[in-house]
There are 2 protein chains.
Amino acid sequence: MPYPFPRDALPTPALVIDLAALERNIAAMAAFAAARGIKLRPHAKTHKSAEIALRQIAGGAVGICCAKLGEAEALVDAGAADIHLTSPVVRPDAIARLAALNRRIALSVVVDHPDTVVALDAGVDAPLTVLIDVDPGMLRTGVASAEAAVALARAITASARLKLGGVQFYCGSLQHVPALAERRAALAERAEYLRSVLAALAEAGFAVSHVTGGGTGSFAIDAELGVLTELQVGSYVFMDREYRDCEAAGPGFETALFVDATVVSVNAPGRVTIDAGLKAFAADAGVPVVLAGAEGRYVFTGDEHGAVIGAVPPGLGARVVLMPPHCDPTVNLYDRYHLVAGDEVIGAWPVTARGCST
Amino acid sequence: MPYPFPRDALPTPALVIDLAALERNIAAMAAFAAARGIKLRPHAKTHKSAEIALRQIAGGAVGICCAKLGEAEALVDAGAADIHLTSPVVRPDAIARLAALNRRIALSVVVDHPDTVVALDAGVDAPLTVLIDVDPGMLRTGVASAEAAVALARAITASARLKLGGVQFYCGSLQHVPALAERRAALAERAEYLRSVLAALAEAGFAVSHVTGGGTGSFAIDAELGVLTELQVGSYVFMDREYRDCEAAGPGFETALFVDATVVSVNAPGRVTIDAGLKAFAADAGVPVVLAGAEGRYVFTGDEHGAVIGAVPPGLGARVVLMPPHCDPTVNLYDRYHLVAGDEVIGAWPVTARGCST
């Protein structure tokens, strides 16, 4: 179908971006970072889209973050040229791919174990920038203490090809603390810990000038606290129900990501069935919000279906617009974004790195 | 890499099929259906794979079920020739695609509303077989009463191009009742209701000889109860943690689907982080089971990671094998299956209809 065409004509379930809202979100974060003098390196694990990554870079970002090597490879193939990998790469086959990527673009990767330093040093054939991943207490990745950070810095600087590029500190579990004051207090406490790690590194002769981290729930507080020098924000481009439910710090962002669905069954009183279920929304963070086309609450009713339960259900074939509960894993279900302006579909973008999780 | 190669060399997270176990599962269900004289039409929404569908048909299945039109289109392009669509198709653009598919293969589709009968009749240009979807009380799709079924049968037979092909009755919410006796009692009660609907149809002049339904939790009980003439079982090919947690009726099936992951961080006592999170497992049905490479329980720790918590955690780079909690939406996250025989990878199949949810 030639563009533009009516949004109602999209086959459903459809992953939809309000392009103007996306662009305003990209611009608002870029303006915030520029005003605070903090670097911006948005996380591409949210959108997995070369089109969005290139717009973020055009808007002032220094590059992008990727969570997985496969994600980075797909985005490099599509034009990304400056990537920080936020997860450790440890398998021999993965290190070989990392070495190949390191020959193509400006690349950095986190490390959190001396064995990985040895393996990376043996596996790459050109200088590689590595950042020490410092665990803020999530117990996911990262070194567990200042002592471990210093030991890792020593191992990195003693290696032949690795260059210590800085520190990563991502307070993932604090991003969604709903109350702003509580989130700020927890982040401030963690920033003190980070300062102590940086002080221990400096005392051992490793003065670190690059500290990357932060997310959509913390970026404004991170900028206030002044320890991070680079923001890894991801979800701000789209927002989702999880972040909407949190008290905003700094500039607010608009919902720019939607799933359009269709009412396919109307036989039960007070509810209708739509064609969007567990294969249309990631289910880890509760339920989507019904935004338009119906009034009511969504419940999952299976792999392919959900119900909208409400007083005035829409009729058979009606279009319902929903806000995903959690954007990153929902995006990963779709091959393409449909772009809308008002009620018109004006284009489509591939989800470039969909499913690239290795 | 040329096949065979060691399973340990697979990039992770990887979706893995034990091919011999899959083939035994396919054969066991085919033998069961043949012995009971009941038709077998496995549901392809589980595997979305042309290779598996064609093996099921070669094993004696009369055709396959699809949940969505896009899924059916992808599988027809890959060779499937006899498909029953188990969800109503209501949108004008979808009906146009249904009409096109109806010209290519043996096709049937459920209806649950008189308006859809009218729309389908106007939208197709060749005879189309439709089945009356009867709601067993799930409130998802299907007519809500015997009276509504009779009214729909009248509308279908009064139409120009639609042919009444039978009834669909899928007790989805009873498939996972853990205790067999309780599941059997609930299914027996629902079978009585189905008999009453079929009797009302017969009394109104619509003798129905084709009744399709059932699932991996109910098929043996359905065969005993003797109302269904065709089984729509899906998950039996793979099994998953949800079905493993249910007391089996009839022949048991083996776990044939796995996710292989790698330990990428080992800095927290008593736990390790693996590279498989919300983008590697659907999270609607609890957590995966750790089967090999580690002893412990899995917890989701983010989009890209999970933790294995246990007394003896494996080392950095170790391979961990997990059983998905819910196979259908997990499969839908991956582009390909890796086939293993013992510790060797012997091939790969595409997930033919991955993401085809429209």
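Residues numbered from 1 in each chain as written. Chains lettered and ligands numbered in written order. Predicted model: local features only at pLDDT ≥ 70, side-chain atom pairs only at ≥ 80, totals over all residues. Heavy atoms only, no water.

Where an unreviewed UniProt entry is consulted, chain A appears under the name D-serine dehydratase-like domain-containing protein, with the organism given as Sphingomonas hengshuiensis.

### Focus: the interface of chain A and chain B
Across the contact, 61 residues belong to chain A and 61 residues belong to chain B. Overall, the association of chain A and chain B removes approximately 4600 Å² of surface from exposure, summing both partners, and the carbon and sulfur fraction of that is 51%. Our count for the contact surface shared by chain A and chain B stands at 4 salt bridges. One salt bridge connects A:Arg354 with B:Asp335, and the closest N-O pair in it is separated by 2.8 Å. The interface formed by chain A and chain B holds 28 residue pairs in polar contact (both at pLDDT 80 or more) in total. Secondary-structure elements contributing two or more residues to the side of chain A that touches chain B are helix H4 (92–104), helix H5 (114–123), strand S11 (257–265), strand S12 (271–274) and helix H10 (327–331) of chain A. Residue contributions to the side of chain A that touches chain B peak at 4 residues, all from S11(A). In terms of residue class, the side of chain A that touches chain B is made up of 21 nonpolar, 19 polar and 21 charged. (Contact = heavy atoms within 4.5 Å. Buried area = accessible area lost by both parts, 1.4 Å probe. Salt bridge = Lys/Arg side-chain N within 4 Å of Asp/Glu carboxyl O. Polar contact = N/O pair within 3.5 Å; in protein donor to acceptor, adjacent residues only side chain to side chain. Helix = DSSP H or I, 4+ residues; strand = E, 2+ residues; numbered from the N terminus. Nonpolar A, V, L, I, M, F, W, Y, C, P; charged D, E, K, R; others polar.)

### A look at H5(A)
All names here are of chain A. Three or more residues of H5 are buried, namely Thr116, Val117, Leu120 and Asp121. Projected onto a plane normal to the axis of H5, the buried residues spread over an arc of 130° and lie on a single side. Opposite its buried face, H5 presents the exposed residues Val118 and Ala122, each directed more than 90 degrees away. Residues of H5 that are buried sit in contact with H4, strand S6 (106–111), strand S7 (128–133), helix H6 (146–158) and strand S8 (162–169). (Buried < 20%, exposed > 50% of the residue type's maximum accessible area, 1.4 Å probe, protein only. Arc of directions from axis to C-beta.)

### Focus: the side chain of B:Thr330
All names here are of chain B. Within the fold, Thr330 resides in helix H10 (residues 327–331). On the basis of relative accessible area, Thr330 is assigned to the buried category, the value being 0%. With sequence-adjacent residues up to four places away left out, Thr330 is seen in contact with Val259, Ala280, Phe281, Ala282 and Pro324.

### What to know about helix H3 (residues 69–77) of chain B
Three- or four-residue spacings in an α-helix give side chains the same orientation, since the helix completes a turn every 3.6 residues. All names here are of chain B. The buried fraction of H3 is high, at 7 of 9 residues. All of the buried residues in H3 are Leu69, Gly70, Glu71, Ala72, Ala74, Leu75 and Val76. Elements in contact with the buried residues of H3: helix H2 (50–58), strand S4 (64–66), strand S5 (82–85) and helix H4 (92–104). Looking at the residues trailing H3, positive phi occurs at Gly79, about 120°.

### Comments concerning the relation of the copies chain A and chain B
The transformation that overlays chain A on chain B combines an axial shift of 0.0 Å with a rotation of 180°, and the residual RMSD is 0.0 Å. The transformation relating the two chain copies, once decomposed into turn and shift, fits a two-fold axis. (Least-squares fit on C-alpha atoms with pLDDT ≥ 70 in both.)

### Quick look at the pairing of strand S17 (residues 336–341) of chain B
Residue and element names in this part refer to chain B. As defined by bridge partners, strand S2 (residues 14–18) adjoins S17 across 3 bridges and the pair is classed as parallel. Bridging across to S17, Val16 finds its partner in His338. As paired strands, S17 and strand S18 (residues 344–350) are joined by 6 bridges and run antiparallel to one another. Counted as the bridge partner of His338 is Ala348 from S18. (Pairing = 2+ DSSP bridges.)

### A few points about the packing of aromatic side chains
One pass over the full model with this rule turns up 18 aromatic pairs over all chains. Look at A:Tyr236 and A:Phe253: their rings are 5.5 Å apart centre to centre, the planes differ by 65°, and that puts the pair in the edge-to-face class. Of the two residues, A:Tyr236 is situated in the loop between strand S10 (230–231) and helix H9 (241–244) and A:Phe253 in the loop between H9 and S11; the sequence distance between them amounts to 17 residues. Given the relative accessible area of 15%, A:Phe253 is considered buried. Where B:Tyr298 meets B:Phe300, the ring centres are 5.1 Å apart and the plane angle is 85°; that geometry is what we call edge-to-face. Note on B:Phe300: relative accessible area 23%, which makes it partly exposed. An aromatic cluster is defined as three or more aromatic residues linked by ring pairs; in this entry it consists of A:Phe32, A:Phe219, A:Tyr236 and A:Phe253. A cation over a ring is seen here: A:Arg7 above A:Phe258, with NZ or CZ 5.6 Å from the ring centre. (Phe/Tyr/Trp six-rings, centres within 6.5 Å; stacked < 30°, edge-to-face > 60°. Lys NZ or Arg CZ within 6 Å of the ring centre and 35° of its normal.)

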